[in-house]
Amino acid sequence: MLSAERKEELIALTKKLINSQSYSGHEDGVVSELKAYMTANGFDDVVTDDYGNVIGVIKGNRPGKKILFDGHIDTVPVANPAAWTKDPYAAEIIDGKMYGRGTSDMKGAVAAYTAAACFFARDTNRDFAGEIYVDGVVHEECFEGVAAREISKAVKPDYVVIGEASLCNLKIGQRGRAEIVVETFGIPAHSANPDKGLNAVYSMCKVVDAITKLPCTEHPVLGKGILELTDIKSTPYPGASVVPSYCKATYDRRLLVGETKESVLAPLQELIDKLMAEDPTIKAKVSYAVGEETCWTGNTITGERFFPGWLYSEDDDFVQAVKTELNAIGQTPEVTQYSFCTNGSHYAGEAGIKTFGLGPSRENLAHTDDEYIEIAELEKVCEAYGAVMRALTR
C-alpha cells in the first residue's frame, strides 16, 4: 500500500501535469514538469528527442531486461469550455475525483508510472535486474504509434506497458486502425449544362455503394475489421453552379491481427478497377491518408495513417508473471483487449515487442466534458505498476 506521503507525491505530480494544457504540438509544459520530477528523483538519464518525447530511465544494479512504460501527454482540445462544470486545468479534487482534461486520457497514468518507478528504486535500493524506462509521448492523438517509433528505436525495450485506461485490468491486444481515402475525378462544367462535364460525386456514389457490399474480415477474439464511411467532401465547395470535378471519401478501417497495408487495400483496389472497367466515366483511386503536424520542438512529424492490430495470449509467460504479481498484492485483473487504438500498434503491431496495457480509469471517460479520474484508481494503478516492475525485473 502507498504511504500517505507517497499518495500526496503522486497527486501533486498528477496535478502539475493537468495544470499544463498540452494539445498536440504543445506538450512542452508537461515535458518540463516530467523532466523536473525525474531529475529531482534520481533518474539516471532524462532526455527529449526530435519530436519532443520525454524519456527517463532508472537502471538496476544487475543486468536484465528493459521495461518501458508508455503513455501520451497530448490531449484533445476542450472544444466547448462552457460545457464543463469544472475548470479543465485546475485539477480540482471533489468527492474522491480529480477533474481535468487529460486526467483519464492519460496524464494520470503517466504520473502514476513515473512515481512508481521512483518508489520502486527507493524500495529496492536499485537492487533489481534491468532498466526501467518511462516516457511521455507527443502527438499520439494525431498518430497512434508514430512518435513512439523514435522511442523504441532509442530504448529497444524488451517489454512495453501501455498506460491507457483499463480499470487496472490487463489488456493483451487491440484492433488497429487505418484511415483510407477514396477519390473520384470528374470534369467541371456549369450546372446549367451538366452534360458538358462529369460529376465526381455521382461517381463516388457508385463507388460507395459498391464498397458497402464488400465482405467484412473477422477475428475470433478481436471481432470485425470494420470499414465505415466517415466523411465525404466535394470540390468546389460551395458548388455555386459548378459540377464538382473532385470528390474525396474517408473510411475508418479497424484492423485485425495479420492484416497488412497491402492486404487491406487489395479488395478496394480490385473493386475500383472493376468499376472503372465496367463504366469508363468513373475515374477513382484509393490510398491511405497521410498526416503532417508540427511538434513543439519545431520539427515536423509525418505518418501514413495505418496502425496495426496486435494480440498476445493470456498464457504467455510475461502476462502470467505480471498477473501473478498483481494477485500477490490483492489485485484480480481481468485479461481482455482494448476497444480502441493505442501506441501498442507500433510496439507490438510493428516492432513485435512484448506488450500489454494496464491503466487507471474507464475507457469511456476519454475526450469527455468534465473528464475525471478517481483518486482510488490513481493510487491502485501506481501500486500495480510497482508489481509489474517486480515481475519483470527479477
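Because the structure is a prediction, the values reported are computed rather than measured.

About the cut-offs
Residues numbered from 1 in each chain as written. Predicted model: local features only at pLDDT ≥ 70, side-chain atom pairs only at ≥ 80, totals over all residues. Heavy atoms only, no water. Pairing = 2+ DSSP bridges. Helix = DSSP H or I, 4+ residues; strand = E, 2+ residues; numbered from the N terminus. Contact = heavy atoms within 4.5 Å. Axes fitted to C-alpha atoms, helices over the stretch in contact; angles between N-to-C directions. Core = buried A, V, L, I, M, F, W, Y, C linked by side-chain atoms within 4.5 Å. Buried < 20%, exposed > 50% of the residue type's maximum accessible area, 1.4 Å probe, protein only. Lys, Arg positive; Asp, Glu negative; His and termini not counted. Salt bridge = Lys/Arg side-chain N within 4 Å of Asp/Glu carboxyl O.

J.: How should I be thinking about the sheet that holds strand β21 (residues 372-374) in this particular structure?
T.: Within a sheet, each strand pairs with its neighbour through backbone hydrogen bonds, oriented either parallel or antiparallel. Pairing is antiparallel in the open sheet, where three strands are placed in the order β4-β5-β21. Both edges of this open sheet fall to β4 (93-94) and β21, since each of them pairs with a single strand only. In the packing of helix α1 (residues 4-19) onto the sheet, the strands contacted are β4 and β5 (97-99), and the crossing angle to β5 comes to about 25°. Contacts between helix α9 (residues 375-392) and the sheet are confined to β4, β5 and β21, with β21 contributing the most and set at about 65° to the helix.

J.: Can you walk me through the pairing of strand β1 (residues 45-48) in this structure?
T.: Looking along a regular strand, one sees side chains alternate from face to face of the sheet. Note that β1 and strand β2 (residues 54-59) share four bridges and pair antiparallel. Counted as the bridge partner of Val 46 is Gly 56 from β2.

J.: Sorry, what's going on with the side chain of Glu 259 here?
T.: Summarising the element assignment, Glu 259 is placed in the loop between β13 (246-255) and α6 (261-278). Those residues in contact with Glu 259 that sit more than four places away from it in its chain are Thr 217, Arg 253, Arg 254, Val 264 and Phe 306.

J.: Can you walk me through the nonpolar core in this structure?
T.: Judged by nonpolar contacts, the single largest core of 86 residues is most densely connected at Phe 69, Phe 356, Leu 358, Tyr 385 and Leu 392. For this core, the element with the highest residue contribution is helix α3 (residues 103-124), accounting for 13 residues. Those residues within four positions of Phe 69 in sequence are excluded, and the remaining contacts are Tyr 113, Ile 132, Tyr 133, Val 134, Asp 135, Val 161, Tyr 385, Val 388 and Met 389. Counting 24 residues, the second largest nonpolar core, distinct from the first, contains Val 182, Tyr 251, Val 264 and Leu 268.

J.: Sorry if this is basic, but what is going on with the side chain of Glu 164 here?
T.: Mapped onto the fold, Glu 164 is located in the loop between β7 (159-162) and β8 (170-174). Buried and unpaired, Glu 164 has no salt bridge, with Arg 177 as the nearest side chain of opposite charge at 11 Å. Leaving out residues up to four positions away in the same chain, Glu 164 has contacts with His 72, Asp 105, Met 106, Glu 140, Tyr 338, Phe 340, Thr 342, Leu 358 and Gly 359.

J.: Looking at this structure, I do not really get the pattern of salt bridges. What am I missing?
T.: The final tally for this structure, using the stated rule, is 22 salt bridges. Lys 206 is the salt-bridge partner of Asp 279, the closest N and O atoms lying 3.0 Å from each other. With Asp 279 in the loop between α6 and β14 (284-288) and Lys 206 in helix α5 (residues 200-211), this residue pair connects regions lying 73 residues apart in the sequence. Taking relative accessible area as the criterion, Asp 279 reaches 18% and is therefore assigned buried.

J.: Before we go on, may I ask you to explain the environment of Leu 167 in this structure?
T.: Topologically, Leu 167 is positioned in the loop between β7 and β8. Distance in space between the C-alpha atoms of Leu 167 and Gly 359 is 6.2 Å, their sequence separation being 192 residues.

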